[in-house]
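Here is what each chain is made of, one letter per residue.
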Amino acid sequence: MKIAVPCTDSDLDGSVAPKLGTAKYVLLIDSNDMSFEVLDGPPKDVGAGAGVSIISLAANNDAQALLVGYAAPHIVNAMKGKSLKIVTGVKGKVRDAVQAYLIKNSVGSDGRVEQSSIPGWRELWISAFRKGLRQFYQLLPKLAGVIMLLGLFRGFISEKDLFALFSGSAVQDSILGATVGSVLVGNPVNSYVIGDSLLNAGVNLSGIIALMMAWVTVGVIQLPAESAALGIRFAVVRNLCGFVMAVVMSLLVTSWGGLF
């Protein structure tokens, strides 16, 4: 089997070209003994057609696979079903890239690729399901801790205490409502019930809106679990954006309503 590798140097220790049209050389490697032939890449003045020139060069020399870092998707799709297979996402030394390709695709001494080594849709679904279960199992202790903390907070802080915190100032009530909603995370149905209770108690509408928005979009108390699943940076930025938007939108809605 012949494998074409666009690269930066004229030997197996050179690096695989990051893009199809930027290769200075093209190595034609025999998978049986790793012997190779060095071909010059297309001249620089070819421009956008350099990638197509390399593909033609590989195909004309009976290569069955071409390994490269990146190739335009429309070129890769156009080569599907052809005798030359383009493999992207390849990097590192040419020698290592070719050996990794041969191992992954189980290329035999006759140059044929054993298709049985490529997982089918059933294997992919089973693998994804197992990874999901494994991740859920790892998050389970954190989720249990979140539920316990949330229950303790709601048990010690009564609704009467919450009502007494609101001062009547639109700005202060918006910030306070967003803060309370960020901690008392829950589903939208519960936020409607609490919002109605606050409204009947005379709480400023801006505080209620901020609380209801933060209730379903922030969730400080579940930050450890979210960080473990999605990363600490994403979790912190998402929660901060949700908090700020809850305050801003509550002030905008109340200000807009006051104009009518």
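K.L.:
Mind showing me how you'd approach the overall build of the chain here?
P.N.:
Along the backbone of the chain there are 10 helices and 5 strands. Counting every position in the chain, which comprises 260 residues, the buried fraction comes to 34%. Carbon and sulfur atoms provide 63% of the accessible area of the chain, an area that totals close to 15600 Å².

K.L.:
How should the environment of L66 be read in this particular structure?
P.N.:
Tracing the backbone through its elements, the reader meets L66 in strand β4 (residues 65-67). Residue L66 is classed as buried on the basis of its relative accessible area, which comes to 0%. A C-alpha to C-alpha distance of 6.0 Å links L66 and V87, two positions 21 residues apart in sequence. Among all residues touching L66, those that are not within four sequence positions of it are A4, P6, L20, I54, I55, A58, L84, K85, I86 and V87.

K.L.:
Mind showing me how you'd approach the side chain of S250 here?
P.N.:
Structurally, S250 is set in helix α10 (residues 232-258). Among the polar contacts made by the side chain of S250, one reaches the side chain of S174 at a distance of 3.1 Å. When sequence neighbours within four positions are dropped, the list of residues in contact with S250 reads S174, S206, I209 and A210.

K.L.:
What is the right way to read the nonpolar core from this model?
P.N.:
In a soluble, globular protein the nonpolar side chains are often hidden away together inside. Residues A4, L20, I55, L66, L84 and I86 are the most contacted members of the largest nonpolar core, which totals 20 residues. For this core, the secondary structure elements donating two or more residues are β2 (25-30), α1 (50-60) and α2 (73-78). A total of 3 residues in this core trace back to one element, the largest contributor, which is α1. Each residue touching I55, except ones within four places of it in the same chain, is listed here: L20, L66, I75, M79, L84 and I86. The next biggest cluster of nonpolar side chains, apart from the first, holds 19 residues, and it includes I3, V16, M34 and A65.

K.L.:
Help me understand the packing of helix α6 (residues 170-183) against helix α8 (residues 205-217), please; the structure alone is not making it clear to me.
P.N.:
How two helices pack is summed up by the angle between their axes together with the distance between the axes. Close contact between α6 and α8 brings their axes to 7 Å; oriented N to C, the two are set at 25°. Considering the angle they form, α6 stands roughly parallel to α8. α8 is crossed by α6, and the crossing has right-handed handedness. From α6, A170, D173, S174, G177, A178, V180, G181 and S182 reach across to α8, where they touch S206, G207, A210, L211, A214 and W215. Its residues placed into classes, the contact of α6 with α8 shows 7 nonpolar, 6 polar and 1 charged.

K.L.:
Honestly, the sheet that holds β4 in this entry has me stumped. Any pointers?
P.N.:
Strand pairing within a sheet occurs via backbone hydrogen bonds; the two strands may be parallel or antiparallel. Across the sheet, which stays open at both edges, the 5 strands sit in the order β3-β2-β1-β4-β5 with mixed pairing between neighbours. What marks the edges here is a single partner per strand, and that holds for β3 (36-40) and β5 (85-87). Each neighbouring strand pair of the sheet contributes to a mean axis angle of 20°, computed without reference to strand direction. Alignment of strand β1 (residues 2-7) against β2, held across 6 bridges, turns out to be antiparallel. Directly across from A4, in β2, lies its bridge partner L28. The sheet strands contacting α1 are β1, β2, β3, β4 and β5, and the helix crosses β4 at an angle near 140°. Each of β1, β2, β4 and β5 is contacted by helix α3 (residues 94-105), which is oriented at about 145° to β1, the strand it contacts most.

Reading the values: the criteria
Residues numbered from 1 in each chain as written. Predicted model: local features only at pLDDT ≥ 70, side-chain atom pairs only at ≥ 80, totals over all residues. Heavy atoms only, no water. Helix = DSSP H or I, 4+ residues; strand = E, 2+ residues; numbered from the N terminus. Buried < 20%, exposed > 50% of the residue type's maximum accessible area, 1.4 Å probe, protein only. Areas by Shrake-Rupley, 256 points an atom, 1.4 Å probe, with all protein chains shown as cover. Contact = heavy atoms within 4.5 Å. Polar contact = N/O pair within 3.5 Å; in protein donor to acceptor, adjacent residues only side chain to side chain. Core = buried A, V, L, I, M, F, W, Y, C linked by side-chain atoms within 4.5 Å. Axes fitted to C-alpha atoms, helices over the stretch in contact; angles between N-to-C directions. Parallel < 35°, antiparallel > 145°, perpendicular 65-115°, else oblique. Left-handed = near helix turned anticlockwise from the far one by under 90°. Nonpolar A, V, L, I, M, F, W, Y, C, P; charged D, E, K, R; others polar. Pairing = 2+ DSSP bridges.

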